[in-house]
Amino acid sequence: RLAVVDAMLALYATGNLDPSSDQIAERAGLSPRSLFRYFDDIDDLVRVAVARHHDRVAPLSELDTSTDAPLAERVRRLVAQRLRLFDAIAAVGTVARVRAPFQPLVASELRTARKFWREQLRQLFAPELRALGRPTAASVVASIDVLTSYESVQLMRDDQQLSSAQVAAALVHSVTALVSR
């Protein structure tokens, strides 16, 4: 079962975001017919693969700073953490976002991750958010959440062709501006 999941993740990593059951079985060293002894269907396999990948990268979601650190350091560490995380998520992040509308469990996992990341922002910037007042703080968190999302980073990298350093600089600048109002 894990060999099949790992085969699917490996195919994602090579850029094949919609591998056939034959490709997955071949990569796992199984016959195509035996693939579905382990999973109900491709959607079940995708769900398990996304969950396994999420478990692997979950430690990258942790921030290595506190609200006691200077604002510039907190912003820099947040941006570095998100970029490391999104590099690790890579193609699986794209597959999860494509499949979420059709797979409630994948959608639920995405909502949970996004909620965790928003709460992380609230905690990390608590002193600055308190100073802004509730309505403004809520809009600042919403804006930072969007700016530091997987989708935004992908847009900057893929569509705008920004390097990792340029993405980091843009995010540091924007997040700092928002929390320093």
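For the structure, see preceding data.
Residues numbered from 1 in each chain as written. Predicted model: local features only at pLDDT ≥ 70, side-chain atom pairs only at ≥ 80, totals over all residues. Heavy atoms only, no water.

1. Some thoughts on the nonpolar core
Then comes step 1: Of all hydrophobic cores here, the largest spans 28 residues; its most connected members are Leu 78, Phe 125 and Ile 144.
Then comes step 2: Broken down by element, the residue count for this core peaks at seven residues, all from helix α4 (residues 71-99).
Then comes step 3: Ignoring sequence-local partners within four residues, the contact set of Ile 144 consists of Leu 78, Leu 121, Phe 125, Val 175, Leu 178 and Val 179.
Then comes step 4: With 25 residues, the next largest nonpolar core counts Ala 7, Val 48, Ala 49 and Val 92 among its residues. (Core = buried A, V, L, I, M, F, W, Y, C linked by side-chain atoms within 4.5 Å. Buried < 20%, exposed > 50% of the residue type's maximum accessible area, 1.4 Å probe, protein only. Helix = DSSP H or I, 4+ residues; strand = E, 2+ residues; numbered from the N terminus. Contact = heavy atoms within 4.5 Å.)

2. Some thoughts on unusual backbone geometry
Then comes step 1: Backbone geometry at Ala 90 places phi at a positive 45°, although glycine is not the residue there.
Then comes step 2: With a relative accessible area of 37%, Ala 90 lands in the partly exposed category.
Then comes step 3: At Gln 161, a position not held by glycine, the phi torsion is positive, near 60°.
Then comes step 4: Among the structural elements, Gln 161 can be located in the loop between α8 (150-159) and α9 (164-179).
Then comes step 5: Given the relative accessible area of 60%, Gln 161 is considered exposed.

3. A word on helix α2 (residues 21-28)
Then comes step 1: Restricting attention to buried positions, one finds in α2 the residues Ile 24, Ala 25 and Ala 28. Seen end-on, α2 carries its buried residues on one side only, within an arc spanning 95°.
Then comes step 2: In this structure, the buried residues of α2 make contact with α1 (2-13) and α3 (42-57).
Then comes step 3: Once α2 ends, the next one or two residues include Gly 29, with phi positive near 75°. (Arc of directions from axis to C-beta.)

4. Details of the packing of aromatic side chains
Two descriptors summarise a pair of aromatic rings, namely the distance from one centre to the other and the angle between the planes of the rings.
Then comes step 1: The tally for this structure, following the rule as stated, stands at two aromatic pairs.
Then comes step 2: Here the aromatic rings of Phe 86 and Trp 117 are separated by 5.7 Å at their centres, their planes lie at 80°, and the arrangement is edge-to-face. One end of the pair, Phe 86, is in helix α4; the other, Trp 117, is in helix α5 (residues 104-124), with 31 residues separating them in the sequence.
Then comes step 3: Aromatic pair Phe 86 and Tyr 150: ring centres 5.6 Å apart, planes at 85°, arrangement edge-to-face. Of this pair, Phe 86 sits in helix α4 while Tyr 150 sits in helix α8, and the two are 64 residues apart along the sequence. (Phe/Tyr/Trp six-rings, centres within 6.5 Å; stacked < 30°, edge-to-face > 60°.)

5. Here's the deal with helix α7 (residues 134-147)
Then comes step 1: When the terminal C-alpha atoms of α7 are compared, their 20 Å separation across 14 residues agrees well with the 20 Å that a helix rising 1.5 Å per residue should span.
Then comes step 2: Looking at α7, one finds that the buried residues are Ala 137, Val 140, Val 141, Ile 144 and Asp 145. Down the axis of α7, the sector holding all buried residues measures 135°, keeping them to one side. For α7, exposure combined with an orientation more than 90 degrees from the buried face picks out Pro 135 and Val 146.
Then comes step 3: Next to the buried residues of α7 lie α4, α5, α6 (126-132) and α9. (Expected span 1.5 Å × (residues − 1).)

6. A word on the environment of Tyr 38
Then comes step 1: Topologically, Tyr 38 is positioned in the loop between α2 and α3.
Then comes step 2: A relative accessible area of 29% means that Tyr 38 is categorised as partly exposed.
Then comes step 3: For the pair formed by Tyr 38 and Arg 1, sequence separation is 37 residues and the distance between their alpha carbons is 5.8 Å.
Then comes step 4: Sequence-distant contacts of Tyr 38, that is, excluding residues within four places in its chain, are made with Arg 1, Val 4 and Leu 30.

7. Focus on the environment of Ser 143
Then comes step 1: Within the secondary structure, Ser 143 sits in helix α7.
Then comes step 2: With 47 residues separating them along the chain, Ser 143 and Ala 96 place their C-alpha atoms 22 Å apart.

8. A look at the packing of α4 against α8
Then comes step 1: α8 packs onto α4 with a crossing angle of 100° between their chain directions and a minimal axis gap of 10 Å. Taken together, α4 and α8 sit at an angle that is classed as roughly perpendicular. Here α4 contributes Leu 83, Phe 86, Asp 87, Ile 89, Ala 90, Gly 93, Thr 94 and Arg 97 to the contact with α8, which in turn contributes Tyr 150, Glu 151, Val 153 and Arg 157.
Then comes step 2: Here the contact of α4 with α8 is composed, by residue class, of six nonpolar, two polar and four charged. (Axes fitted to C-alpha atoms, helices over the stretch in contact; angles between N-to-C directions. Parallel < 35°, antiparallel > 145°, perpendicular 65-115°, else oblique. Nonpolar A, V, L, I, M, F, W, Y, C, P; charged D, E, K, R; others polar.)

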